[in-house]
Amino acid sequence: MKHHNGLILVLLFYATLISAQSEDHDHHLGHQHQHYKNEVGVANMAVYFLKEKEVSYGLHLHWVHQLKESKFGVGLGYERIFDDHEHQTFGIVGAYRPFEGLTFAVSPGLTYEKEEKEGRFAFHAEAVYEFELGDFHVGPLFEVAYDPEDIHISLGLHIGYGF
């Protein structure tokens, strides 16, 4: 069942890319994008564990606050991977938006698994390319994450809401 969930997520990801390519993203000259102070986001992901060679479903949630007039933001993140280990990570997010639509984020944090009382260090790095749909932005997400037990790679669909 885990492999079917991952396949569905990958297909959704590619459908989003195809749909986005067919849309007209030309913002008329002089149009300025609305920069939001905050974003809440969710990502549905297919997660591949390198050591275990297993695909699972993952859910990522975050809140990021943009720093004044800069391209940087800070916030909080949470990741839950629905696998046998009940993998959960809580982290601090640092985001950088070099240009409209593209965001790079890093998140050091703590990972907990089933029946563990103490967390272990984890580090996530991700890239998202978003297309605007009003106050929402949708697009593909790629993530690489490290913890001492394993490394996982995620591919998914990010949906964010700016306010």
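All values derive from a computational prediction rather than experimental measurement.

J.: I'd love a proper account of the nonpolar core, names of residues and values included.
T.: By size, the foremost hydrophobic cluster in this structure holds seven residues: Ala43, Met45, Val47, Phe49, Ile81, Val128 and Leu141. No other element matches strand β1 (residues 38-49), which puts four residues into this core. Discounting chain neighbours no more than four positions away, the residues touching Ile81 are Val47, Phe49, Ser56, Tyr57, Gly58, Glu86, His87 and His152.

J.: Outline the pairing of β1, supporting the account with residue identities and numerical values.
T.: Relative to strand β2 (residues 54-66), β1 is paired through 12 bridges, and the arrangement is antiparallel. Within the sheet, the bridge partner assigned to Asn44 lies in β2 and is Leu59. Connecting β1 to the antiparallel partner β2 that follows it, the hairpin turn spans four residues, and Lys53 within it adopts a positive phi of roughly 50°. For β1 and strand β9 (residues 150-162), the ladder comprises 11 bridges, and the chain directions are antiparallel. For Val47, the partnering residue across the bridge sits in β9 and is Ser154.

J.: How would you summarise the environment of Leu102 if you had to cite specific residues and measurements?
T.: Position of Leu102 relative to the elements: it lies in strand β5 (residues 102-112). Once the C-alpha coordinates of Leu102 and Val128 are considered, the two residues, 26 residues apart in sequence, prove to be 5.8 Å apart. Excluding residues within four positions of it along the chain, Leu102 makes contact with Tyr96, Arg97, Val128 and Tyr129.

J.: How would you sum up the confidence of the model for the chain? Please name residues and give values.
T.: Of the residues in the chain, 79% have a pLDDT of 70 or more, and the chain-wide mean is 85. Mean pLDDT across the elements of the chain bottoms out in helix α1 (residues 2-22) (48) and peaks in strand β6 (residues 120-129) (98). Between residues 13-32, whose pLDDT stays under 50, and residues either more than four places distant or in other chains, the model counts 13 contacts.

J.: Residues and numbers for a nonpolar patch on the surface, please.
T.: Together, Val40, Trp63, Leu76, Ile92, Leu133, Phe136, Ile159, Tyr161 and Phe163 line one region of the surface with nonpolar side chains, adding up to about 820 Å² of accessible area. Here Leu133 lies in strand β7 (residues 131-133).

J.: An account of the side chain of His62 is requested, with residue identities and associated values reported.
T.: With respect to the helices and strands, the residue His62 is situated in strand β2. Side-chain polar atoms of His62 contact the side chain of Glu39, separated by 2.5 Å. At 3.3 Å, the side chain of His62 forms a polar contact with the side chain of His60. Contacts of His62, omitting those with residues within four sequence positions, involve Glu39, Val40, Gly41, Leu76, Gly77 and His158.

J.: Please set out the pattern of salt bridges residue by residue, giving values where relevant.
T.: Taken as a whole and assessed by the stated rule, the structure comprises five salt bridges. Taking the shortest distance from any N to any O, the salt bridge between Arg120 and Glu116 comes out at 2.8 Å. Taking the relative accessible area as the measure of exposure, Arg120 reaches 12% and is therefore buried. A residue is classified by how much of its surface remains accessible, and Glu116, at 32% relative accessible area, is partly exposed. A network of salt bridges, in which partner residues are shared, links Glu113, Glu116, Arg120 and Asp147.

J.: So what about the pairing of strand β3 (residues 72-82)? Which residues, and what values?
T.: As paired strands, β2 and β3 are joined by 10 bridges and run antiparallel to one another. In the strand pairing of β3, Leu61 is matched with Tyr78. Here β2 folds back onto β3, and the loop between the two strands holds five residues, one of which, Lys68, carries a positive phi near 40°. Where β3 meets strand β4 (residues 88-99), nine bridges bridge the pair, whose relative direction is antiparallel. Within β4, the residue paired with Tyr78 across the bridge is Phe90. The antiparallel pairing of β3 with β4 creates a hairpin that spans five residues between the two strands, and Glu86 there sits at a positive phi of about 55°.

Each value, and the rule that gives it
Residues numbered from 1 in each chain as written. Predicted model: local features only at pLDDT ≥ 70, side-chain atom pairs only at ≥ 80, totals over all residues. Heavy atoms only, no water. Core = buried A, V, L, I, M, F, W, Y, C linked by side-chain atoms within 4.5 Å. Buried < 20%, exposed > 50% of the residue type's maximum accessible area, 1.4 Å probe, protein only. Helix = DSSP H or I, 4+ residues; strand = E, 2+ residues; numbered from the N terminus. Contact = heavy atoms within 4.5 Å. Pairing = 2+ DSSP bridges. pLDDT = per-residue confidence, 0-100. Patch = residues over 30% accessible without salt bridge, like charges linked within 9 Å, V, L, I, M, F, W, Y side chains within 5 Å. Areas by Shrake-Rupley, 256 points an atom, 1.4 Å probe, with all protein chains shown as cover. Salt bridge = Lys/Arg side-chain N within 4 Å of Asp/Glu carboxyl O. Polar contact = N/O pair within 3.5 Å; in protein donor to acceptor, adjacent residues only side chain to side chain.

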